[in-house]
Amino acid sequence: MKKLILSALFICFSVIAFGQVLPSFQFGIKGGTNLSKLTTDNTLGSDNRSGYYAGVWARLGAAGIHFQPELYLAGKNSTLTNDAGLENKVRLTSLDVPLLVGTKIGAAGVGLRLNTGPVVSFILDDKQSFGDAAGSVFRGQFKNQSVAWQFGAGFDFGKLGVDLRYETGLSKIGKSGYDDSRLNLFTLGLALRVF
C-alpha cells in the first residue's frame, strides 16, 4: 500500500512538473478602450481623450513564462492647446503590434498575468480638426511609425480575460509642428480565448 501511494504521488508530481515545461499555445480576440495624451516639451498643452482598440492575440508559454504577440487596430485621440488657447483635436488610427513577455500566477484557468514589452505602431491615418481661428497654422505632421513600451496586468477567468495597461512613448511621434511630442496611453480591454 505504501509503495502504491508513493508511486501515485510520484506520477502526480511528474505530470505537474512535465506540464510546466511543455509549451502551451493560446489564441484569441480582444477589444477595449484607451485614454491617450500627447506629451510635448514646448508650449502645447494636451488633454486626455478616449479611443478604442480591437484585434487578435496569441500566447506561447512554458515554465511559467509566456510570449504574447498582438495585432490590433487602434484609434487614439488627444486635444492639443497652444498658448493662445487655440485647440487642435487629433485623431490617429494605427496598427499596433505589441510583443510582450509575461508570467501568470494561478491555476485551472484562473489567474493574474503580468506583461511588459515593446509596441510598434504604424500610423494609418491622422485627422486634425481646428477651432475657427486656428486654420492651418496649428496643423502638425506625424511620423508613419512610433515605438512605445507597455506595462500591464490582466486577470483570466476561464476563456475570458481583462487587461489594464499603461503605454509610454519611447520615440517622438511628431514631425513639423509637434517635433517633440510623444504618445502615452492607458488601455482597458476584454479578451476572449478562442483556443
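One can find the structure itself at the top, above this paragraph.
Residues numbered from 1 in each chain as written. Predicted model: local features only at pLDDT ≥ 70, side-chain atom pairs only at ≥ 80, totals over all residues. Heavy atoms only, no water.

**Q** Explain the nonpolar core to me, and be specific about the residues and the numbers.
**A** Counting nine residues, the largest nonpolar core consists of Leu-38, Leu-80, Val-90, Leu-92, Ile-123, Phe-142, Ile-173, Leu-183 and Leu-185. Sorting the residues of this core by element identifies β4 (87-107) and β8 (182-193) as the ones contributing at least two each. Apart from the residues lying within four places of it in its own chain, the contact partners of Ile-123 are Leu-92, Thr-93, Ser-94, Lys-143, Asn-144, Gln-145 and Ile-173. (Core = buried A, V, L, I, M, F, W, Y, C linked by side-chain atoms within 4.5 Å. Buried < 20%, exposed > 50% of the residue type's maximum accessible area, 1.4 Å probe, protein only. Helix = DSSP H or I, 4+ residues; strand = E, 2+ residues; numbered from the N terminus. Contact = heavy atoms within 4.5 Å.)

**Q** Any details on the packing of aromatic side chains? Residues and values, ideally.
**A** Inspection of the entire model under this criterion finds four aromatic pairs. Between Phe-27 and Phe-195 the ring centres are 5.7 Å apart and the planes differ by 25°, which places this aromatic pair in the stacked class. One end of the pair, Phe-27, is in strand β1 (residues 24-39); the other, Phe-195, is in the segment after β8, and 168 residues separate them in sequence. Ring geometry for Tyr-166 and Phe-186: centres 4.9 Å apart, planes at 50°, overall tilted. In this pair, Tyr-166 sits in strand β7 (residues 160-169) while Phe-186 sits in strand β8, placing the two residues 20 residues apart along the sequence. Take Phe-186: its relative accessible area is 47%, and that puts it in the partly exposed class. Chaining the aromatic ring pairs together yields one cluster made of Phe-25, Phe-27 and Phe-195. (Phe/Tyr/Trp six-rings, centres within 6.5 Å; stacked < 30°, edge-to-face > 60°.)

**Q** For the pattern of salt bridges, give the residues involved together with the corresponding values.
**A** Throughout the structure, instances matching the rule amount to nine salt bridges. Here Lys-104 ties to Asp-156 by a salt bridge, and the two come within 3.5 Å at their closest N and O atoms. Remark: Asp-156 occurs in strand β6 (residues 145-157) and Lys-104 occurs in strand β4; sequence separation between them is 52 residues. Because the salt bridges share partners, they merge into one network encompassing Lys-30, Arg-59, Glu-70, Lys-104, Arg-113, Asp-156, Asp-163 and Arg-165. (Salt bridge = Lys/Arg side-chain N within 4 Å of Asp/Glu carboxyl O.)

**Q** Can you break down the side chain of Arg-113 residue by residue, with the values?
**A** Mapped onto the fold, Arg-113 is located in strand β5 (residues 110-130). With residues near it in sequence (within four places) discarded, Arg-113 still touches Arg-59, His-66, Gln-68, Thr-103, Lys-104, Gly-152, Ala-153, Gly-154, Phe-155, Asp-156, Val-162 and Asp-163.

**Q** Please provide a residue-by-residue account of empty space enclosed by the protein, values included.
**A** A full pass over the atoms with the stated rule returns one cavity of 30 Å³ or more. Taken as a whole, the largest cavity holds about 60 Å³ of empty space. Taken together, Lys-76, Ser-121, Ser-146, Val-147, Ala-148, Glu-167, Gly-169, Ser-171, Ile-173 and Leu-183 make up the lining of the largest cavity. With three residues, β6 is the single largest residue contributor to the lining of the largest cavity. In the lining of the largest cavity, the residues fall into four nonpolar, four polar and two charged. (1 Å grid on protein atoms, 1.4 Å probe; cavity = no way out; pocket = protein on both sides within 12 Å on 5 of 7 lines; lining within 4 Å. Points joined across faces, edges and corners; volume = space filled by probe spheres on them. Nonpolar A, V, L, I, M, F, W, Y, C, P; charged D, E, K, R; others polar.)

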